[in-house]
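Residues per chain, in single letters:
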Amino acid sequence: MTEHIIVERTAAHPGVLIIRFNRPEKKNAITAAMYQRMTSALEEANADDEVKAVVFLGTEGCFSAGNDMGDFIGYAMSGSSEPPAGAIFIKALALSQKPLISGVDGLAIGIGTTLNLHCDLTVASGRSVFKTPFVDLALVPEAGSSLLAPRVIGHQRAFALLAAGEGFSADYALNAGLIWKVVGPNEVEMEALALGAELAKKPPQALQIARDLVRGPRDEVLARIDEELVHFSARLKSAEARAAFEAFMRR
Ligand code: COA
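Position numbers for residues start from 1 in each chain and track the written sequence from start to end. A pLDDT threshold of at least 70 governs which residues receive local features in this predicted model, and a stricter bar of 80 or more applies before side-chain atom pairs are shown or counted, although totals over entire chains, interfaces and linings include all residues. Each side-chain value is derived from all of the structure's non-hydrogen atoms; neither hydrogens nor water enter the calculation.

Bringing the side chain of Ser128 into the picture now. A run of H or I in DSSP counts as a helix once it spans at least four residues, and a run of E counts as a strand once it spans at least two, with each numbered from the N terminus. On the secondary structure map, Ser128 appears in the loop between strand 7 (121-125) and strand 8 (129-131). According to the relative accessible area criterion, Ser128 is buried, its value standing at 1%. By the criterion applied in these results, polar contacts are pairs of N or O atoms within 3.5 Å in which, for protein atoms, one can donate a hydrogen and the other can accept it, and in which residues neighboring in sequence qualify only through two side-chain atoms. Reaching out from Ser128, the side chain makes a polar contact with the backbone nitrogen of Gly106 at a distance of 3.0 Å. Not counting residues within four places of it along the chain, the set of residues in contact with Ser128 comprises Val104, Asp105, Gly106, Phe168, Ser169 and Ala170. Three exposure classes are used, based on accessible area relative to the maximum for each residue type with a 1.4 Å probe and protein chains only: buried under 20%, partly exposed in between, and exposed over 50%. In what follows, residue pairs with any heavy atoms lying within 4.5 Å of each other are defined as contacts.

Structure below.
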């Protein structure tokens, strides 16, 4: 069976752990099993002194289309009182002790966009689009984005992204401060991995302290993630969200 998340290290980029979305036939939509694999990879990175940076990558022309819609329906129908599958991954992102880098080429939807708010450097191709259609799906912002996005890009742009569901082009995202650099589609991976390898050469303790200072307290991010999850879980079970998911599956 194809691995939908590939976790690897390469000799060319020592100190870098790569987490790659690899489900291109479904636009790298993320299932519960994929969240679990990514969570264990982040935990592995925290526990391993040899890992100095983590780089998220997608496939050609697609970073991720966000949470798997089938899984959203499954959760809605299960009546589960547990948080949805992405919750543990989102917390692992917020708790990562290693610098996080993302290389985005193409679609970055839902958590494909909000994940980048937890990244320290994002490189994107000019053809990338960042979009979070939460409200259109009768959902609410997740992954701490309701706290992080206004800080990073300001209230109005955060509202346009997270509530109005506006798509941001790579150039717009760059000007807004959501990402670090725009490069050609063929350069995204090379650039993201090179950034990881450069960070890997730096004194790790100083880098970690610098990162912690720049990111600020994790507690408030974790508290906001929990607050969002209360609403997000309830919204997933709402009739209007079910209708939106089913409309997507039928289209
Ligand atoms: N969950 C499950 N499957 C998804 C998916 C998702 N989030 N996004 C795309 N797919 C699947 C499609 O169902 C399709 O599968 P099929 O070939 O078996 O029918 C395949 O990926 C290709 O998608 P398609 O819609 O045909 O490609 P497109 O280029 O026309 O559109 C998107 C791509 C991403 C714009 C569109 O698929 C989309 O809007 N997806 C939903 C994104 C979303 O709302 N995510 C949740 C955010 S909270």
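From this point, things continue past the structure.
Between the first and last residue of a helix there are one fewer steps than residues, each counted as 1.5 Å, and that sum is the expected span. Taking 1.5 Å per residue, 12 residues should reach 16 Å; helix 9 (residues 204-215) reaches 16 Å between its end C-alpha atoms and fits that length. Positive phi appears at Gly216, one or two residues downstream of helix 9, with a value of about 80°.

Below, the discussion takes up the pairing of strand 1 (residues 5-8). Two faces, one strand: in a regular strand the side chains alternate between the faces of the sheet. Burial of the side chains of strand 1 is restricted to one face: Ile5 and Val7 are buried, whereas none of Ile6 and Glu8 on the reverse face is. For two strands to pair, DSSP has to find at least two bridges joining them. Sheet analysis places strand 1 next to strand 2 (residues 16-21), joined by four bridges and oriented antiparallel. Residue Ile5 lies in a different strand from strand 2, and its bridge partner there is Phe21.

Judged by pairing direction, the sheet is mixed, and its four strands sit side by side in the order 4-6-8-9 without closing on themselves. Two strands lie at the open edges of the sheet, namely strand 4 (62-64) and strand 9 (168-169), each paired on one side alone.

Here the focus is the packing of aromatic side chains. Each Phe, Tyr or Trp ring, with Trp reduced to its six-membered ring, pairs with another whose centre is within 6.5 Å; inter-plane angles below 30 degrees give stacked pairs, above 60 give edge-to-face pairs, and intermediate values give tilted ones. One pass over the structure, following the stated rule, counts six aromatic pairs. Measuring from centroid to centroid gives 5.9 Å for Phe72 and Phe232, while their planes differ by 55°, and the two rings are tilted. One end of the pair, Phe72, is in helix 2 (residues 69-78); the other, Phe232, is in helix 10 (residues 218-236), with 160 residues separating them in the sequence. As far as burial versus exposure is concerned, Phe72 and Phe232 are alike and both buried.

Before going further, it helps to spend a moment on the pattern of salt bridges. Salt-bridge detection follows one rule: a side-chain nitrogen of Lys or Arg within 4 Å of a carboxyl oxygen of Asp or Glu. Here the structure, examined in full by the defined rule, presents 15 salt bridges. One salt bridge connects Arg218 with Asp212, and the closest N-O pair in it is separated by 2.8 Å. Given the relative accessible area of 31%, Asp212 is considered partly exposed. Ionic contacts of the salt-bridge type, sharing partners, join the residues Arg9, Glu44 and Asp48 into one network.

Function cannot be read off these values alone, since they describe shape.
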